[in-house]
Amino acid sequence: MKQYLQSAEEVFKAVQSSPQGLSTAEAEKRLLENGKNKLEEGKKKSLARRLFEQFTDPMILILIAAAIISAVTAVMEKEFPADVIIILVVVVINAVLGVYQESKAEKAIEALQEMAAATSKVLRDGDVVEIHSEDLTVGDVILLEAGDAVPADARIIESASLKIEEAALTGESVPVNKFIDAISLGDKKDVPLGDRKNMMYMGSSVVYGRGRAVVTGVGMNTEMGKIAGALAAAAAF
């Protein structure tokens, strides 16, 4: 669903909410159905397992087989096994680099998780309450001001000189001025994430002004969640 193309009223209808937010009972029900608003944590592998998995790659197995054949040939012909040494060095270097890249991917995912806000101000039963951000769900109306981390993906419904820094997602270091109107596609097929100025995304932060927004995506269904998922897939590969 492309909420940035819809009016605030259409978004509220789509997520079955209102400007007064969700009731506590409805929020708890949705939380049970959709899960917590947090990025998934993959089970960490031991160093020994990571190394073992590097040696099970088909290409590495072929190199090991070639090394064995070269070793047998060298012994039979009483030659120095130079080829064997070169192949084994390549295999070991590949394994070390593979483990290093996988560790970097895990650290990147952990960094994304740390960027999520710890607590959030939200409307529940029409009242402003502060809850753990992981308890947010689709349809919640959140309130943010300068210095707050954006806890989930949300469609902005109120903006008072609201500026949000989205470098983690777009690479753009200049804060983005936000507004509440629906965006028109014109002759475009879609709107780039950096140009969706009526949206706010998990992992970004408010640097100026204040605003309200209705949550449209939580956990792994956020743009940050997609990045974490891609990193996890890359690590598994």
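Residues numbered from 1 in each chain as written. Predicted model: local features only at pLDDT ≥ 70, side-chain atom pairs only at ≥ 80, totals over all residues. Heavy atoms only, no water.

## Examining the nonpolar core
The biggest cluster of nonpolar side chains holds 26 residues, and the ones touching the most others in it are Ile142 and Met200. Elements supplying a minimum of two residues to this core: α1 (8-15), β1 (119-124), β3 (141-145), β4 (153-165) and β7 (205-217). Among the elements that make up this core, the one with the highest residue count is β4 (five residues). Non-local contacts of Met200, meaning those with residues more than four positions away in its chain, are made with Ile142, Leu144, Val150, Ala152, Asp153, Ala154, Ile156, Leu162, Ile164 and Ala213. By size, the runner-up hydrophobic cluster in this structure holds eleven residues, among which are Leu39, Leu193, Met199 and Tyr201. (Core = buried A, V, L, I, M, F, W, Y, C linked by side-chain atoms within 4.5 Å. Buried < 20%, exposed > 50% of the residue type's maximum accessible area, 1.4 Å probe, protein only. Helix = DSSP H or I, 4+ residues; strand = E, 2+ residues; numbered from the N terminus. Contact = heavy atoms within 4.5 Å.)

## Brief notes about the pattern of salt bridges
As enumerated under the stated definition, the model contains eleven salt bridges in all. Between Glu158 and Arg210 there is a salt bridge, with the nearest N and O atoms lying 3.1 Å from each other. You can see Glu158 sitting in strand β4 and its partner Arg210 sitting in strand β7, a full 52 residues away along the chain. For Glu158, a relative accessible area of 30% translates into the label partly exposed. Given the relative accessible area of 46%, Arg210 is considered partly exposed. Between Arg196 and Glu223 there is a salt bridge whose closest N-O contact spans 4.0 Å. Here the residue Arg196 occupies a position in the loop between β5 (176-177) and β6 (199-200), and Glu223 occupies one in helix α7 (residues 223-236), the gap between them amounting to 27 residues. Each of the salt bridges in this network shares a partner with another, and the network as a whole consists of Lys2, Asp190, Arg196, Glu223 and Lys226. (Salt bridge = Lys/Arg side-chain N within 4 Å of Asp/Glu carboxyl O.)

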